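Take a look at the letters that make up each chain.
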Amino acid sequence: MDAPVWKGSGAGLRHAIIGAGMSGILAAIKLLERGDRNFTVFEKGSDLGGTWRDNRYPGLTCDTPSHAYSYSFAPNPEWSSYYAAGPEIHAYFRKVATERGVLPFIRYGSEVNACRFDEDAGTWRLSLADGGEAEADVVYAATGVLHHPKMPELSGLDTFAGKAFHSARWDDGAVLDGARIGIVGCGSTGIQLVNALSDRAARLVHFQRSPQWIMPVPQFDYTAEQKAAFARDPTLIDAVRHDKDYWAAIYRFTDGVADAESPEAAEIEDICRQNLETSVRDPELREKLRPNYRAACKRLIYSWEYYECVQRPAVLVETGGIAQVEPAGVRMVDGTLHGLDVLVLATGFQADRFIRPATVSGRGGRLLDDFWAVRPTAHYAVSLPGFPNLFMLNGPTGPVGNFPLIDIAEMQWDYLEQLLEPVRAGRAKWVEPRQEAFEAYEARRIEAAKKTVFGSGCTSWYLDATGIPSTWPWSYQAFVDAMKAPVPDEYRYA
Ligand code: NAP
């Protein structure tokens, strides 16, 4: 299909936002707040919501408290519970996007295949999968972190007679009640699936390659009176959002992960160990569920119910190796066959993709794939040398972990707004980080990353291909401080 070339309209900079998930909607709202209407949100799907659109598995819950997992400018008195479920969060983003007037700016079914910086014109040229093209002065990659499912290499998977699918590609045709269900994977997704299906399945086999540390957290519903009070008095929402115990836990977590030898890291592990010791009654199962790596090395699981659910009669934790999938089920290395009707692959995501597979070429034809040959990275997680006016929201080396990614995106937006100010004012055409400033940042980051608990000896999606954590390695406060204002010398304007 030939789509028209979008060249923007009206005065001012032309902006292209890639992705209509949480970060892309944020970017659109922020542009509209400034009176900028010269932008398009390119969304490859047919709906907004990003991760909350793609993940529809039973039990999907955000493990950031609902009032904290909200835009700071759009509190929601209606959250039904302390931790909200996926469909409710998806509905929240739809509601906010609708109320803020974002919908007319979203162009659905528009996968961006390529972004090429035209140095002479100082603009980005975008090629779309539908054959369309677009031009923009500024590009925001709001493409998400965990977007492309990682399928396990299980021989015989295609011979399975029942339904087999990745957790982020849920098959609504799968009958779950009374079924024999297998779940491969013990990340946040696999654990939430066990919680949701443990009392629905006739038999639930949880194929566990590595057990997980479980941080106990409270969960409760908000009453109608509480919701009415939130609506009447938004300071009550602020009180939940800024609850001192919640933030103390966040700071303990981020200080702990930043230094594997810190007392905070030890404290996190003590809480998780205590949870295991006191919650799992059968000593054999307890040992099966005991990790042999540091707590928070893999992403910590926050759950109020996993240990209870995994002890339900229908659940079997299978720790043997999978030999192959057969039409009837999953055959273990020791010859045991687990007969199954449904096999869910909660095996995670390719965490090094970000804006890819789009081909991105910057100044002088510099290819993002080459720039990211060793690992995806960005200057303070936001911008890249050689790629002018290209900004990442929740991009590589940002803080990921057990705290609100919405806050991260909002801070990143405020930071890049400051970077763009001279461009907006017409004093420059573009901005990018200086190569040497980026290299100094990256060298510091890598050295610090090696000391984090993420790098203390486990496998996880936090690690890059060389085994170094690809995350923000410092504390949450360090990120807050870094995002307050760019260091002018670190950037080049032209
Ligand atoms: P994940 O954390 O990457 O976990 C993947 C799981 O699959 C691991 O247990 C892994 O085992 C296992 N696995 C992979 N290939 C396997 C194979 N061939 N055989 C057996 N096991 C295999 O993925 P995820 O659970 O989807 O979670 C990804 C991230 O999404 C989370 O860390 C979190 O950031 C986010 N998330 C958040 C929430 C939330 O509540 N906020 C909910 C869901 C997801 P090994 O550990 O042995 O490699």
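Residues numbered from 1 in each chain as written. Predicted model: local features only at pLDDT ≥ 70, side-chain atom pairs only at ≥ 80, totals over all residues. Heavy atoms only, no water.

Q: In this structure, what is going on with the domain arrangement of the chain? I would like to understand it.
A: One frequent convention defines the size of an interface as the accessible area lost when the parts assemble. Examined at the domain level, the chain breaks down into domain 1 (5-46 + 108-148 + 350-493) and domain 2 (157-223 + 257-345). For domain 1 and domain 2, the distance between their C-alpha centroids amounts to 34 Å. Each partner contributes residues to the interface: domain 1 has 17 residues there, and domain 2 has 14 residues. Here domain 1 meets domain 2 over a buried area of about 1,200 Å², counting both sides, of which 56% is carbon and sulfur. Counting every contact that joins domain 1 to domain 2 gives zero salt bridges. One can count three residue pairs in polar contact (both at pLDDT 80 or more) joining domain 1 with domain 2. (Domains from an automatic or database assignment. Contact = heavy atoms within 4.5 Å. Buried area = accessible area lost by both parts, 1.4 Å probe. Salt bridge = Lys/Arg side-chain N within 4 Å of Asp/Glu carboxyl O. Polar contact = N/O pair within 3.5 Å; in protein donor to acceptor, adjacent residues only side chain to side chain.)

Q: What's the story with the packing of aromatic side chains in this structure? I'm lost.
A: Any pair of aromatic rings gets described here by the distance separating the centres and the angle formed by the planes. If you walk through the whole model with that rule in mind, you get 34 aromatic pairs. Judged by centre distance (4.2 Å) and plane angle (50°), the ring pair of Phe454 and Tyr462 falls under tilted. The cationic tip of Lys298 hangs over the ring face of Tyr293; the distance from NZ or CZ to the ring centre is 5.6 Å. (Phe/Tyr/Trp six-rings, centres within 6.5 Å; stacked < 30°, edge-to-face > 60°. Lys NZ or Arg CZ within 6 Å of the ring centre and 35° of its normal.)

Q: I would appreciate a short explanation of the pairing of strand 6 (residues 133-136) in the present structure.
A: Pairing geometry for strand 5 (residues 123-128) and strand 6, over four bridges, is antiparallel. Looking across to strand 6, one finds that Trp124 is bridged to Ala136. Between strand 5 and strand 6, which follow one another and run antiparallel, lie four residues, and Gly131 among them has a positive phi close to 95°. (Pairing = 2+ DSSP bridges. Helix = DSSP H or I, 4+ residues; strand = E, 2+ residues; numbered from the N terminus.)

Q: I'm lost on the site of the ligand in this one. Help?
A: The full set close to the ligand counts 23 residues, and Thr61, Cys186, Thr189, Ser210 and Lys298 are the nearest of them. In the environment of the ligand, an oxygen atom lies 3.3 Å from a nitrogen or oxygen atom belonging to the backbone of Ala346. Note that an oxygen atom of the ligand is positioned 2.8 Å from one of the side-chain N or O atoms of Trp461. For the ligand, the protein covers 84% of the area, taking 910 Å² as the surface of the free molecule. It is helix 4 (residues 188-197) that provides the largest number of residues to the shell around the ligand, a total of three residues. Its residues assigned to classes, the shell around the ligand shows nine nonpolar, ten polar and four charged. Here the shell around the ligand spans two domains, since at least three of its residues come from each of domain 1 (5-46 + 108-148 + 350-493) and domain 2 (157-223 + 257-345). (Near = heavy atom within 4 Å. Areas by Shrake-Rupley, 256 points an atom, 1.4 Å probe, with all protein chains shown as cover. Nonpolar A, V, L, I, M, F, W, Y, C, P; charged D, E, K, R; others polar.)

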